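# A structural walkthrough
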Amino acid sequence: MNALTVAKFGGTSVADYAAMSKCASVIKGNESTRLVVISACSGVTNLLVELANGVSSLEKQKALLTRLQEIHFSILASLPENEAVNTAVNDILDTVATFAAAAAKAPSDKITDSLVACGELMSTHIFTHLLNQQGLDAVRFDVRDALKTDDVHGKASPDLIETAYQAQTLLRPLCEEKVVVTQGFIGSDNKGNTTTLGRGGSDYSAALLAEAVQATTLEIWTDVPGIYSTDPRIAPAAAPIDEISFSEASEMANFGAKILHPSTLVPAMRQEIPVFVGSSKAPEKGGTWIRRDAEHSPLFRALALRCNQTMVTLTSLNMFHAYGFLAEVFNILAKHKVSVDLITTSEVSVSLTLDQTNTSGGAPKLPEAAELELSKLCKVTVEQDMCLVALIGNEMGESRGAAAQIFGALGEYNLRMICYGASNHNLCFLTNTAESKDVVRTLHKELFEK
Ligand code: ADP
Ligand code: ASP
Ligand code: MG
């Protein structure tokens, strides 16, 4: 087998029977597609997260379980010879009910992972059956046998060596024989416990598996025909990008462009696997190729928006002309496993944002113990309800007039924590949530629509 394409289909692509059938056509249209990674059906992970967070009302629990049942059985109703899959899905729904009851008593990250994994475990049963019904020779593979991770529930990191070994031993030979359908988002630690890679993690799973099986192409099939200059839901005038470099696209993903999980491009870059992003609903519209180098490197490439930001400001006069203050701050943060995303400093204060959150969702929190310890050193202010706007481009720091153009357009908005200059590829700042989409639209108009 020379060419091997890994194709990932997101939640909306496998939302119902019609959407799944479109994915089947995409797979049939490319005989090198041997490994298919899919998400849970649209909306399912959100329902499971709700249960995992602990629903005490039995009535509410039941309503959520009924909704889950409806989503899956409405697809199965369109599929003949579905007895075995019906049973498998029903068994998983029983597991969901058991974990939901446990979470209602005492929620935990470990229960959350086992519970939310059920979405992908169900969708893969149904999708494999659909592919077989539509004439493909497909087999379902439990990705927890290959995608090995550490035990950080909710945001696990892959064990690359073990994953490569299992993928080469188990997955690759299977891909030679059949079209293999497997789960995105989930994995397992070395004790066999189920883990997850964080919300939106199926893209990352697909990239990790592409790396591990040594695929030649990775395709991310979603609900938009490629990567746009910004989220087209925010700015309808956003334009699709034909080709973009790994570094630009990974900056976009990092700064919250939901189209790709932030870590997706890391394995693709390591192995130089070209990545295609397209719409499973309209594959004929083409999409975006992400490669090591793009032919064009425009000054301004795209805008990304990431909400649910937590900004922590630490103020102390001891910082003035002193040394060691920042080291102390970061020691405390490291001790409490607080991961910092952005940082700006002045003589007497330092502002930082906390790294993105895990599967349970919401804005990241500064742990109480960390806040207490920091308070002994300085004044601690925590602000939420903020969004990060990032402008991604090339050589921005070296372009005369770029800053004037950007900030000139945003004169009427209140911008906080501006980070400019640390990277030639991005400029970012915080804004309050209520204004954030307007800020993106205004900047998009100024930089991309003229
Ligand atoms: P999937 O379920 O297929 O993983 P997601 O909802 O996670 O899909 O990601 C696709 C969505 O990403 C699009 O519907 C779009 O609203 C959003 N998005 C954010 N930024 C961009 C961008 N720059 N270009 C295209 N889509 C974007
Ligand atoms: N189903 C998971 C989620 O909704 C993973 C994914 O779709 O990528 O976050
Ligand atoms: Mg996604």
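Residue numbers restart at each chain and count upward from 1, following the sequence in its written direction. A letter from A marks each chain and a number from 1 marks each ligand, given out in the order of writing. Per-residue local features are limited, in this predicted model, to residues with pLDDT of at least 70; the limit for side-chain atom pairs, both in listing and counting, is 80 or more; totals at the level of whole chains, interfaces and linings are taken over all residues. Just so you know, side-chain values use all the structure's heavy atoms and leave hydrogens and water out.

### Thoughts on the pairing of strand β4 (residues 179–183)
- We call a residue buried when its accessible area falls under 20% of the maximum for its residue type, exposed when it is over 50%, and partly exposed in between, using a 1.4 Å probe and counting protein chains only. Counting from the N terminus, the helices are DSSP H or I runs at least four residues long and the strands are E runs at least two residues long. Burial of β4 is extensive: five of the five residues sit out of reach of the surface.
- The side-chain alternation of β4 yields two buried faces, one formed by V179, V181 and Q183 and the other by V180 and T182.
- Two strands pair when backbone bridges link them, and strand β2 (residues 33–38) and β4 are joined in this way by four bridges, in the parallel orientation. Within the sheet, the bridge partner assigned to V37 lies in β4 and is T182.
- Between any two strands, at least two bridges found by DSSP are needed for them to pair. Judged from the four bridges that link them, strand β3 (residues 138–141) and β4 form a sheet pairing that is parallel. The partner of V139 across the bridge, within β4, is V180.
- Once you follow β3 into helix α6 (residues 160–177) and on to β4, the crossover reads as right-handed. Consider the strands pointing away from the viewer: the crossover is right-handed when the path from the first strand over the helix to the second runs clockwise.

### A word on the nonpolar core
- Counting 102 residues, the largest nonpolar core has V6, F9, F127, L131 and I290 as its most contacted members.
- The leading source of residues in this core is helix α5 (residues 109–133), at 10 residues.
- Not counting residues up to four positions away in its chain, the partners in contact with V6 are L35, V37, A206, A210, V213, A215, T217, L218 and E219.
- What we call a nonpolar core is a set of buried Ala, Val, Leu, Ile, Met, Phe, Trp, Tyr and Cys residues that are connected through their side-chain atoms within 4.5 Å. Judged by nonpolar contacts, the second largest core, of 20 residues, contains L305, V389, L410 and Y413. Note on definitions: a residue-residue contact is assigned when non-hydrogen atoms from the two residues lie within 4.5 Å.

### A closer look at the site of ligand 1
- Nearness here has a simple test: a residue counts as near a molecule or strand if at least one of its heavy atoms is within 4 Å of that partner. In the vicinity of ligand 1 lie 17 residues, with T222, D223, D231, R233 and K258 positioned nearest.
- Within 3.5 Å is the distance limit for a polar contact, defined as a pair of N or O atoms, with the added protein rule that one can donate a hydrogen and the other accept it, and that residues adjacent in sequence qualify only through two side-chain atoms. Within the contact set of ligand 1, an oxygen atom lies 3.4 Å away from a backbone nitrogen or oxygen of I259.
- To be clear on the numbers: accessible area is Shrake-Rupley with a 1.4 Å probe, and residue cover counts the displayed protein chains and nothing else. Against a free-state accessible area of 580 Å², the protein chains account for coverage of 91% of ligand 1.
- For this classification, the nonpolar set comprises Ala, Val, Leu, Ile, Met, Phe, Trp, Tyr, Cys and Pro, the charged set comprises Asp, Glu, Lys and Arg, and every other residue, Gly included, is treated as polar. Along the lines of polarity and charge, the residues of the shell around ligand 1 split into seven nonpolar, five polar and five charged.

### Let's talk about the packing of helix α2 (residues 44–52) against α5
- Here an axis means a line fitted to C-alpha atoms, over the contact stretch when the element is a helix, while the angle between two N-to-C directions is reported on a 0 to 180 degree scale. Axis separation between α2 and α5 bottoms out at 9 Å; the angle between their running directions is 160°. With respect to α5, the axis of α2 lies roughly antiparallel. The hand of the α2/α5 crossing is right-handed. Contacts between α2 and α5 pair V44, T45, L48, V49, L51 and A52 from the former with T112, L115, V116, C118, G119 and E120 from the latter.
- Of the residues belonging to the contact of α2 with α5, the class tally is eight nonpolar, three polar and one charged. Working definition: roughly parallel below 35 degrees, roughly antiparallel above 145 degrees, roughly perpendicular at 65 to 115 degrees, and oblique for all remaining angles. By convention the crossing between two helices is left-handed if the near helix lies anticlockwise of the far one by an angle smaller than a right angle, and right-handed if it lies clockwise.

### Some words on the state of the cysteines
- Cysteine sulfur atoms are paired as a disulfide whenever they fall within 2.5 Å. This structure, assessed with the given rule, holds one disulfide.
- In this model C307 forms its disulfide with C387; the gap between the sulfur atoms is 2.1 Å. Handedness here is read from the sign of the S-S torsion; for C307 and C387, about 105°, the answer is right-handed. Taken together, the residues span a long stretch of sequence, with C307 in strand β11 (residues 300–315) and C387 in strand β14 (residues 379–393) at a distance of 80 residues.
- Looking at C23, it has no disulfide partner, and the nearest cysteine sulfur is the one in C41, 10 Å off.
- C419 carries a free sulfur, and the closest cysteine sulfur to it, the one in C428, is 4.6 Å from it.
- Taking relative accessible area as the criterion, C419 reaches 14% and is therefore assigned buried.

### Remarks on the sheet that holds β3
- Taken in spatial order, the eight strands of this open sheet run β3-β4-β2-β1-β7-β9-β10-β8, and their pairing is mixed. The open sheet has two free edges, formed respectively by β3 and β8 (243–245), since each of these has just one partner strand. The average angle at which neighbouring strand axes cross in this sheet is 20°, direction not considered.
- Here α5 sits on the sheet in contact with β2, β3 and β4, set at roughly 160° to β4.
- Running at roughly 150° to β2, helix α7 (residues 202–212) makes contact with β1 (5–9), β2, β4 and β7 (217–222) of the sheet.

### Some words on the UniProt feature "domain: Aspartokinase ACT" (unreviewed entry) in the chain
- Mapped onto the present numbering, the UniProt feature "domain: Aspartokinase ACT" (unreviewed entry) falls at residues 313–358 and 389–447.
- Split by type, residues 389–447 is 39% helix and 29% strand. Its first and last C-alpha atoms lie 14 Å apart. UniProt positions are given in the numbering used here, feature names are shortened, and annotations may be inferred rather than shown by experiment.

### Thoughts on the sheet that holds β11
- Ordered in space as β12-β13-β11-β14-β16-β15, the six strands form an open sheet in which the pairing is antiparallel. Whereas interior strands pair on both sides, the edge strands pair on one side only; in this sheet they are β12 (340–345) and β15 (416–420). The mean angle between the axes of side-by-side strands here comes to 30°, regardless of whether they run parallel or antiparallel.
- Packing of helix α13 (residues 433–448) onto the sheet brings it into contact with β11, β14 and β16 (426–432), and relative to β11 it is tilted by some 145°.

### Brief notes about unusual backbone geometry
- Unusually for a residue other than glycine, N308 sits at a positive phi of about 60°.
- For N308, the position within the fold is in strand β11.
- Of the residues examined, N308 reaches a relative accessible area of 40% and is grouped as partly exposed.

### Points about helix α1 (residues 17–28)
- Here a helix's expected span is defined as the number of its residues, less one, multiplied by 1.5 Å. For α1, which comprises 12 residues, the first-to-last C-alpha distance of 16 Å matches the rise-based estimate of 16 Å (1.5 Å per residue) to within 8%.
- Considered for burial, the residues of α1 that qualify are A19, M20, S21, C23, A24, V26 and I27.
- Those residues of α1 that are buried are in contact with β1, β2, α3 (58–76), α5, β4 and β7.
- Two or three places before A18, at the start of α1, stands the capping residue D16, its side-chain oxygen 3.3 Å from that residue's backbone nitrogen.

### Details of the environment of S436
- Mapped onto the elements of the fold, S436 is located in helix α13.
- In this structure, the C-alpha to C-alpha distance between S436 and Y323, residues 113 residues apart in sequence, is 36 Å.
- Looking at S436, its side chain comes within polar contact range of the main-chain oxygen of T433, at 2.8 Å.

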